[in-house]
Amino acid sequence: MYDFRIEAADKPALYRELGQALEALVAGEPDPVANMANAAALIRESLPDLNWAGFYRNVGGELVLGPFQGRPACIRIGFGEGVCGTAAATRQVQRVDDVEAFPGHIACDSESRSELVVPILRDGELLAVLDLDSPSVARFTEDDEAGCVALAEILGRAI
Ligand code: SME
């Protein structure tokens with residue numbers, strides 16, 4: 001049984017503990033789907049105020065929905081489209097305080113108000129993006145961005 005209890009005092013501590021929990025979950029497991037599925041569940045359980053947490057994979061230059069926690073979502077997103085496609089095309093983190101102000105935002109879940117998308121790379125290749133959505137405007141801070149970049153580094157070795 002996996003029973004992670006993360007009780008951190010601040011966000012950097014929260015992400016340090018989350019990173020340790022993620023390392024433990026994926027250790028020794030080579031299957032990318034299993035690792036993405038557990039990562040999505042761990043993140044959704046550990047971070048407050050999210051309505052969606054999951055992955056879009058780079059399948060031949062198109063983003064295709066991967067394991068996630070939340071409402072059913074758009075399946076295919078072109079590079080350059082929406083927040084996820086922009087992260088994939090630029091390989092830059094997209095931290096969007098108000099998704100309604102983001103040109104081309106793809107509204108999969110009308111509850112989403114802010115979004116953080118982090119590219120996952122290995123050996124210079126884009127494997128996937130990690131996508132977190134929140135029902136609160138400006139939910140994601142610089143600390144969340146730094147923390148999720150650290151999670152993406154772990155995931156780059158695990159998916
Ligand atoms: N809003 C995203 C689409 C994915 S969902 O949020 C799960 C976007 O604009 O890329």
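So, how was this worked out
- Residues numbered from 1 in each chain as written.
- Predicted model: local features only at pLDDT ≥ 70, side-chain atom pairs only at ≥ 80, totals over all residues.
- Heavy atoms only, no water.
- Helix = DSSP H or I, 4+ residues; strand = E, 2+ residues; numbered from the N terminus.
- Buried < 20%, exposed > 50% of the residue type's maximum accessible area, 1.4 Å probe, protein only.
- Contact = heavy atoms within 4.5 Å.
- Areas by Shrake-Rupley, 256 points an atom, 1.4 Å probe, with all protein chains shown as cover.
- Lys, Arg positive; Asp, Glu negative; His and termini not counted.
- Charge placed at Lys NZ, Arg CZ, Asp CG, Glu CD.
- Near = heavy atom within 4 Å.
- Polar contact = N/O pair within 3.5 Å; in protein donor to acceptor, adjacent residues only side chain to side chain.
- Nonpolar A, V, L, I, M, F, W, Y, C, P; charged D, E, K, R; others polar.
- Phe/Tyr/Trp six-rings, centres within 6.5 Å; stacked < 30°, edge-to-face > 60°.
- Disulfide = S-S within 2.5 Å.

**Considering the overall build of the protein**
Here is step 1 of the chain: For the protein, the count of helices and strands is four helices and six strands.
Here is step 2 of the chain: In the protein, the succession of α and β elements from N to C terminus is α-α-β-β-β-α-β-β-β-α.
Here is step 3 of the chain: Expressed as lengths along the three principal axes of its C-alpha atoms, the size of the protein is roughly 40 × 35 × 25 Å.
Here is step 4 of the chain: Expressed as a percentage of its 159 residues, the buried residues of the protein come to 46%.
Here is step 5 of the chain: A sequence separation of at least 24 residues applies to 51% of the contacts in the protein between residues at least 6 apart.
Here is step 6 of the chain: Here the protein has roughly 7,800 Å² of accessible surface; of this, 48% comes from carbon and sulfur atoms.
Here is step 7 of the chain: Distance between charge centroids for the protein: 2 Å, based on 13 positive and 26 negative side chains.

**Focus: helix α3 (residues 82–90)**
Here is step 1 of the chain: In terms of burial, α3 is a largely internal element, seven of the nine residues being buried.
Here is step 2 of the chain: Within α3, burial applies to Gly82, Val83, Cys84, Gly85, Thr86, Ala87 and Ala88.
Here is step 3 of the chain: Contacts from the buried residues of α3 go to β1 (52–59), β2 (62–70), β3 (76–78), β4 (94–96), β5 (114–122) and β6 (125–134).
Here is step 4 of the chain: Just past α3, the residue Arg91 takes up positive phi, approximately 60 degrees.

**Thoughts on the site of the ligand**
Here is step 1 of the chain: As a structural note, the neighbourhood of the ligand is formed by 13 residues, with Val83, Cys84, Ile106, Glu115 and Asp133 the closest of them.
Here is step 2 of the chain: One nitrogen or oxygen atom from the main chain of Val83 is found 3.0 Å from an oxygen atom belonging to the ligand.
Here is step 3 of the chain: Side-chain polar atom of Asp131 to an oxygen atom of the ligand: 3.4 Å apart, as the coordinates give it.
Here is step 4 of the chain: Within the complex, the protein chains bury 99% of what would otherwise be the 300 Å² of accessible surface of the ligand.
Here is step 5 of the chain: Counting only elements with at least two residues in the shell around the ligand, the list comes to β1, α3 and β6.
Here is step 6 of the chain: At three residues, α3 tops the list of elements feeding residues into the shell around the ligand.
Here is step 7 of the chain: Residue composition of the shell around the ligand, by class: eight nonpolar, two polar and three charged.

**Some points on the packing of aromatic side chains**
Here is step 1 of the chain: Tallied over the entire structure, the rule returns two aromatic pairs.
Here is step 2 of the chain: Taken together, a centroid distance of 6.0 Å and an interplanar angle of 20 degrees make the contact between Trp52 and Tyr56 stacked.
Here is step 3 of the chain: In this structure Trp52 comes out as buried when scored by relative accessible area, which is 4%.
Here is step 4 of the chain: Each residue in the set Trp52, Tyr56 and Phe68 is aromatic and connected to the rest through ring pairs, giving one cluster.

**Comments concerning the state of the cysteines**
Here is step 1 of the chain: Under the definition given, this model contains one disulfide.
Here is step 2 of the chain: Disulfide partner of Cys74: Cys108, at an S-S distance of 2.0 Å. Note on the Cys74 and Cys108 pair: the S-S dihedral is about -125 degrees, so by sign convention the disulfide is left-handed. In this pair, Cys74 sits in the loop between β2 and β3 while Cys108 sits in the loop between β4 and β5, placing the two residues 34 residues apart along the sequence.

**Focus: the environment of Glu23**
Here is step 1 of the chain: Here Glu23 shows up in helix α1 (residues 11–26).
Here is step 2 of the chain: Since its relative accessible area comes to 36%, Glu23 is described here as partly exposed.
Here is step 3 of the chain: Between the alpha carbons of Glu23 and Leu50 there is a distance of 22 Å; along the sequence they are 27 residues apart.
Here is step 4 of the chain: Those residues in contact with Glu23 that lie beyond four places of it in its chain are Ile154 and Arg157.
Here is step 5 of the chain: At 3.2 Å, the side chain of Glu23 forms a polar contact with the side chain of Arg157.

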